[in-house]
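Given next are the chains, with one letter for each unit.
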Amino acid sequence: MSLELDIQNGIKAAMLAKEKVKLEALRGIKAAILLAKTADGSESISDDAVLKIIQKLVKQRKESAELYKAQNRPELAENELAEASFMEVFLPKQLTEEELAAELKKIIEAVGAKGPQDMGKVMGTATKKLMGKADGKAISAMVKQLLA
């Protein structure tokens with residue numbers, strides 16, 4: 001079953017259960033998917049593209065929550081974090097720091113990176129291989145640490 005269909009079914013379930021925040025989060029995903037479809041002019045969208053969209057939306061929600069916390073608006077921050085948690089259900093399981101380090105060590109060996117000057121080679125391979133499993137900032141920080 002495609003990710004888009006899972007989201008559609010989640011919307012129906014949230015409507016029936018009268019879960020307002022979950023419904024808002026899933027409708028946000030659906031709206032972003034529809035925008036991506038109309039931008040391309042295609043009728044379908046790949047699961048990889050949907051994953052990228054969901055990641056972007058989760059990141060936006062978390063950044064908004066941080067801003068709300070900084071402005072002393074905890075009720076708004078709470079809502080953003082709740083929406084992000086409902087969206088994260090559709091993302092693959094995130095790697096722990098140890099798992100990320102192990103994966104990156106394998107990639108560094110495969111690419112043959114020797115030092116910080118080879119970071120570009122490692123990052124290109126790592127971001128493709130670990131897409132959706134780890135945040136780009138975390139990957140970059142860990143690669144810098146391992147190549148230093």
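## Comments concerning the overall build of the protein chain
And step 1. Of regular secondary structure, the protein chain possesses 7 helices and 0 strands.
And step 2. Secondary structure of the protein chain in N-to-C order comes out as α-α-α-α-α-α-α.
And step 3. Taking the principal axes of its C-alpha atoms as reference, the protein chain extends roughly 55 × 45 × 25 Å.
And step 4. By residue count, 32% of the 148 residues in the protein chain fall in the buried class.
And step 5. Restricting the contact set of the protein chain to residue pairs at least 6 apart, pairs at least 24 apart contribute 59%.
And step 6. Carbon and sulfur atoms form 55% of the exposed surface of the protein chain, whose accessible area is close to 9,300 Å².
And step 7. Treating the 24 positive side-chain charges of the protein chain as one cloud and the 22 negative ones as another, the clouds have centres 2 Å apart.

## Topic: the nonpolar core
And step 1. Of all hydrophobic cores here, the largest spans 21 residues; its most connected members are I7, I29, I33, V50, I54, M87 and F90.
And step 2. Elements supplying a minimum of two residues to this core: α1 (3-17), α2 (20-40), α3 (47-70) and α4 (74-88).
And step 3. When sequence neighbours within four positions are dropped, the list of residues in contact with I7 reads L26, I29, I33, V50, I54 and F90.
And step 4. Within the second largest apolar cluster, 16 residues are counted, among which are A101, M119, A134 and V143.

## Focus: the packing of α2 against α4
And step 1. One can describe the packing of α2 onto α4 by two numbers: an axis separation of 9 Å at closest approach and a directional angle of 65°. Handedness of the α2/α4 crossing: right-handed. The segment α2 lies against α4, with V21, K22, E24, A25 and I29 engaging N79, A82, E83, F86 and M87.
And step 2. Along the lines of polarity and charge, the residues of the contact of α2 with α4 split into 6 nonpolar, 1 polar and 3 charged.

## Here we look at the pattern of salt bridges
And step 1. One pass over the structure, following the stated rule, counts 10 salt bridges.
And step 2. Residue R61 is joined to E83 by a salt bridge in which the shortest nitrogen-to-oxygen separation is 2.8 Å. Taken as a pair, R61 in helix α3 and E83 in helix α4 lie far apart in primary sequence, 22 residues in all.
And step 3. A relative accessible area of 13% means that R61 is categorised as buried.
And step 4. Sharing partners across several salt bridges, the network here consists of R61, E80 and E83.

## A word on helix α6 (residues 119-129)
Residues lying three or four places apart along an α-helix face the same way, a consequence of the helix completing one turn every 3.6 residues.
And step 1. All of the buried residues in α6 are M119, V122, M123 and A126. Projected onto a plane normal to the axis of α6, the buried residues spread over an arc of 95° and lie on a single side. Those residues of α6 that are exposed and aimed more than 90 degrees away from the buried face are G120 and K128.
And step 2. Close packing links the buried residues of α6 with α5 (97-111) and α7 (136-147).

## Concerning α7
And step 1. The end-to-end C-alpha separation of α7 is 16 Å, in line with the 16 Å expected for 12 residues at 1.5 Å each.
And step 2. Those residues of α7 lying buried are I139, S140, M142, V143 and L147.

Procedures and definitions
- Residues numbered from 1 in each chain as written.
- Predicted model: local features only at pLDDT ≥ 70, side-chain atom pairs only at ≥ 80, totals over all residues.
- Heavy atoms only, no water.
- Helix = DSSP H or I, 4+ residues; strand = E, 2+ residues; numbered from the N terminus.
- Buried < 20%, exposed > 50% of the residue type's maximum accessible area, 1.4 Å probe, protein only.
- Contact = heavy atoms within 4.5 Å.
- Areas by Shrake-Rupley, 256 points an atom, 1.4 Å probe, with all protein chains shown as cover.
- Lys, Arg positive; Asp, Glu negative; His and termini not counted.
- Charge placed at Lys NZ, Arg CZ, Asp CG, Glu CD.
- Core = buried A, V, L, I, M, F, W, Y, C linked by side-chain atoms within 4.5 Å.
- Axes fitted to C-alpha atoms, helices over the stretch in contact; angles between N-to-C directions.
- Left-handed = near helix turned anticlockwise from the far one by under 90°.
- Nonpolar A, V, L, I, M, F, W, Y, C, P; charged D, E, K, R; others polar.
- Salt bridge = Lys/Arg side-chain N within 4 Å of Asp/Glu carboxyl O.
- Arc of directions from axis to C-beta.
- Expected span 1.5 Å × (residues − 1).

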